[in-house]
There are 2 protein chains.
Amino acid sequence: MTGILLRNIRPLGGPSVDLAIRDGRIEAMAEGLSADGLTVEEGDGAICVPGLVEAHTHLDKTVMGMGWYANAVGTDLRAMIDNERAERRRLGLDVGRQAMRHALALVGNGTTHVRTHVDVDTENGLDGLRDVLSLRGVLDIQIVAFPQSGLMIRPGTAELLDQAMAMGADLVGGLDPCAVDRDPKGHLDTVFALADRHGAGVDIHLHEPGEMGAFSLELICERTRALGMAGKITVSHGFCLGMPDARRTEALIDGLAALDIAVMTTGAPSREVPSVPRLRARGIRMGAGCDGVLDTWNPWNRPDMLDRARIVAQKNNMRSDADLAAVLDLCSSGGARAIGIEGHGLTEGAPADLALLPGETLAAAVAQGGPVLMTLKGGVVAARRGKALMEAP
Amino acid sequence: MTGILLRNIRPLGGPSVDLAIRDGRIEAMAEGLSADGLTVEEGDGAICVPGLVEAHTHLDKTVMGMGWYANAVGTDLRAMIDNERAERRRLGLDVGRQAMRHALALVGNGTTHVRTHVDVDTENGLDGLRDVLSLRGVLDIQIVAFPQSGLMIRPGTAELLDQAMAMGADLVGGLDPCAVDRDPKGHLDTVFALADRHGAGVDIHLHEPGEMGAFSLELICERTRALGMAGKITVSHGFCLGMPDARRTEALIDGLAALDIAVMTTGAPSREVPSVPRLRARGIRMGAGCDGVLDTWNPWNRPDMLDRARIVAQKNNMRSDADLAAVLDLCSSGGARAIGIEGHGLTEGAPADLALLPGETLAAAVAQGGPVLMTLKGGVVAARRGKALMEAP
């Protein structure tokens, strides 16, 4: 395997250098590197950033390319869950095809790593999981076996999650132990026991607001401590962390920090959300995600981490150039740390997972968004000008 | 003056028709209209919507095309105000040129009507106003003479506002009577007296949150009633209307409804905001705006009302197809009513101010955003594929 010489690129918007890639890794970054058998790609002064990291999505849900999905279901969580199961059948949603479309759109937009939740329930069983598992060659995909329709309220789901982990899912998922499953102790005992048995991590959807969510979060912390699972747990959304009482949330943040629990945010505009600057300042590992894209839930999300950076930043009132650099980190190297990927960044020896962005400065590139000029995954050009080179089905 | 036959367009996503434009107005909408001396434009099944209405922006602030503005000022309102005045000088911001760039970008993105605030202060005087007034041929522009740097705290500003109205500004502006001007009675008495003297309306920036904003809003209502100015007053932002206590905000909304006070929203993701569905259900005239675009305040806003529709909808958790139609109305016909423009819509006899959007359904067109295929202003093609036909300076 030879490699690539990216000529005239600006790491994080700094001075122009050449970047040599060999055997899938960054070999050197300096001015005037020799091509030495490498394929030269002209960067033309583009800004080079670590590949973007989609830390919270649902590859198994999108209806991209299937015609417009007319949404009439409203915004009640349980109604939306039931609607989705029914519509999956009615639309004949082919998870393998749809997940590939979604994944390739992410690649086109500069993404090199994805953590996706995949529905596991007593109606659809493990079919969706099987389909998403088959995508692993396309980009780095971590899979959370996700009891979207509930766990304690749907007997048989725990057994399916157990099988999902045996099949190769990476993490055990969970969902609103109080609000959806109506049995926080049962739900969390089950989720943590499964994770413990499989030596895996946990990533729990926690939409519960205010004190209900705080209660669930305390139960999560208790189990993390009791089972010695510090560093292996993730809370997604964590809306309770955005409640206005700063003393109350400080206690919750203390718990997260003590147990190295990561937090994923979508910057949900209509909800209270965890403060990105506040949690990052406390050293809490945070990532960002676009959530489900063009699905039966919501028409607004796009498979585009620069678009998500904008949404998260606006929600958090981040607007200075320093803020923009921080939100880019959240969506790249910071997000990688949050999902447990080490060594993701612009350093010699690191995997050559990169994105080239247009723009005058790093902040300009983040603010202006795509199209991303080039995505490199493991040292291979995977996308140009916003389009993955692999054809979508 | 002849006209245009738009062949095969779908009004609001409905069945395909032809749309005949003569003398700047919609003459007929029906299947198989004869061209009869009209210039034929093929719509190819595009969705036709009333021209988009930018109901709250600042044409005099953008640095579009001037290189990246590195923002280091933080988020304190007074600091941002002072920073902007200093940076205007340092950058040599040419308001005429910049406002034209901003306006043409809006036209490219389907906008046919704009209400802009223009800074009037003792440092910059009336120069910005003069520059923006000269743009009125390009598109319909309403101008609010805006005391951005304060009114009571900067003696001489009231006199400048008076001159601004004499020069042709349409409305008297105001800004946070408590939080910025520290004298709510003095501020509002001055603003309303000026408006009363010039027979003009008022559009007040009200960022004040919670009870402070509610207090200012009550003072606005009192003056609107006392001076018989119902239907002529606008509150921009109105963050206090988003405070959580629904009984408290119901009383405020009652006041707005009784006095036909309009509300402009940007759907500010980081703030509490007035609920679009709730206020519209009460019959309150609402419009939406992108606010300042790429200026010393904020790098995120774009001169694009479809982008703003998305931001407002996400903030308000509007996601069904019916919601998407409502948010389009907010950004077109509803916004026109909010800024006092009658007869803006797809009806025979209405001015031919239109936008053609790509998309399968109306909801899809709104969710997917631009580029807008064509903008027509007064029956003339003003933009194609996202670009105004008039060259930007």
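Heads up: the structure comes first, above all this text.
Residues numbered from 1 in each chain as written. Chains lettered and ligands numbered in written order. Predicted model: local features only at pLDDT ≥ 70, side-chain atom pairs only at ≥ 80, totals over all residues. Heavy atoms only, no water.

**Things to note about the sheet that holds strand β11 (residues 262-265) of chain B**
All names here are of chain B. Strand order in the open sheet formed by eight strands is β5-β6-β7-β8-β9-β10-β11-β12, with parallel pairing between adjacent strands. With one partner strand each, in any of the chains shown, β5 (52-57) and β12 (286-288) form the two edges of the open sheet. The average undirected angle you get between the axes of adjacent strands in this sheet is 25°. One ladder, built from three bridges, connects strand β10 (residues 233-237) with β11; its direction is parallel. Its bridge partner being in β11, Val 235 is matched across the sheet by Val 263. Contacts from helix α5 (residues 184-198) reach β8 (171-175), β9 (201-206) and β10, with the element oriented near 175° to β8. (Pairing = 2+ DSSP bridges. Helix = DSSP H or I, 4+ residues; strand = E, 2+ residues; numbered from the N terminus. Axes fitted to C-alpha atoms, helices over the stretch in contact; angles between N-to-C directions. Contact = heavy atoms within 4.5 Å.)

**Digging into the sheet that holds strand β14 (residues 374-377) of chain B**
What holds strands together in a sheet is hydrogen bonding between their backbones, with the strands either parallel or antiparallel. Residues and elements named next belong to chain B. Read across the open sheet, the eight strands follow the order β3-β2-β1-β4-β13-β14-β15-β16; overall the sheet is mixed. Single-partner strands in this sheet number two, and they are β3 (25-30) and β16 (387-388). Relative to β16, strand β15 (residues 380-384) runs antiparallel, the two being bridged by two bridges. Each residue of the ladder has a partner; that of Ala 383, found in β16, is Ala 388.

**A few points about the packing of α5(B) against helix α6 (residues 210-226) of chain B**
Residue and element names in this part refer to chain B. Put simply, α5 and α6 touch, their axes get as near as 11 Å, and they point 35° apart. When the axes of α5 and α6 are compared, the crossing they make is right-handed. Of the residues in α6, those touching α5 at Pro 184, Lys 185, Leu 188, Asp 189 and Phe 192 are Phe 215, Ser 216, Leu 219, Ile 220, Arg 223 and Thr 224. Residue composition of the contact of α5 with α6, by class: six nonpolar, two polar and three charged. (Left-handed = near helix turned anticlockwise from the far one by under 90°. Nonpolar A, V, L, I, M, F, W, Y, C, P; charged D, E, K, R; others polar.)

**A few points about the pattern of salt bridges**
Scanning the model with the defined rule gives 60 salt bridges over all chains in all. For Asp203(B), the salt bridge identified is with Arg115(B), shortest N-O distance 2.9 Å. Taken together, the residues Asp203(B) in strand β9 and Arg115(B) in strand β6 (residues 111-119) connect sequence positions 88 residues apart. Overall, the relative accessible area of 0% leaves Asp203(B) in the buried class. Shared partners join several salt bridges into a network, and the residues in it are Asp60(A), Lys61(A), Glu84(A), Arg88(A) and Asp119(A). (Salt bridge = Lys/Arg side-chain N within 4 Å of Asp/Glu carboxyl O. Buried < 20%, exposed > 50% of the residue type's maximum accessible area, 1.4 Å probe, protein only.)

**Concerning the interface of chain A and chain B**
Taken residue by residue, the interface counts 37 residues in chain A and 37 residues in chain B. When chain A packs against chain B, the two sides together hide about 3,300 Å² of surface, and 54% of this comes from carbon and sulfur. On the chain A side of the contact with chain B, Trp68(A), Trp300(A) and Arg319(A) bury the most area, a combined 29% of that side's loss. At the surface where chain A touches chain B, the tally comes to two salt bridges. When the shortest N-O distance is used, the salt bridge between Arg310(B) and Asp307(A) registers 2.7 Å. The tally of links from chain A across to chain B stands at 20 residue pairs in polar contact (both at pLDDT 80 or more). For the side of chain A that touches chain B, the secondary-structure elements that each account for two or more residues are α9 (305-315), α10 (321-330) and α12 (362-368) of chain A. The class makeup of the residues in the side of chain A that touches chain B is 18 nonpolar, 12 polar and seven charged. (Buried area = accessible area lost by both parts, 1.4 Å probe. Polar contact = N/O pair within 3.5 Å; in protein donor to acceptor, adjacent residues only side chain to side chain.)

**Focus on the relation of the copies chain A and chain B**
A rotation about some axis, followed by a shift along it, carries one copy of the chain onto the other. Mapping chain A onto chain B calls for a rotation angle of 180° and an axial translation of 0.0 Å; the resulting RMSD is 0.0 Å. Here the symmetry operator amounts to a two-fold rotation axis. Taking C-alpha positions as the reference, the residue of chain A nearest the rotation axis is Pro269(A), at 2.6 Å. With an isologous cut-off of 70% or more, the 100% of interface residues of chain A that recur at the interface of chain B puts this contact in the isologous class. (Least-squares fit on C-alpha atoms with pLDDT ≥ 70 in both.)

**A look at the side chain of Arg115(A)**
Given a relative accessible area of 4%, Arg115(A) falls into the buried group. Engagement of the side chain of Arg115(A) in a polar contact is seen with the side chain of Asp203(A), the distance being 2.9 Å.

**Topic: the side chain of Thr116(B)**
All names here are of chain B. Tracing the chain through its elements places Thr 116 in strand β6. A distance of 3.5 Å separates a polar atom in the side chain of Thr 116 from the backbone oxygen of Thr 57. Engagement of the side chain of Thr 116 in a polar contact is seen with the backbone nitrogen of Leu 59, the distance being 2.8 Å.

**A short note on the pairing of strand β15 (residues 380-384) of chain A**
All names here are of chain A. Across four bridges, strand β14 (residues 374-377) lies against β15 in antiparallel orientation. Considered in β15, the bridge of Leu 376 is made with Val 381. Here β14 folds back onto β15, and the loop between the two strands holds two residues, one of which, Gly 378, carries a positive phi near 55°. Between β15 and strand β16 (residues 387-388), which pair antiparallel one after the other, the connecting turn spans two residues, and Arg 385 there sits at a positive phi close to 45°.

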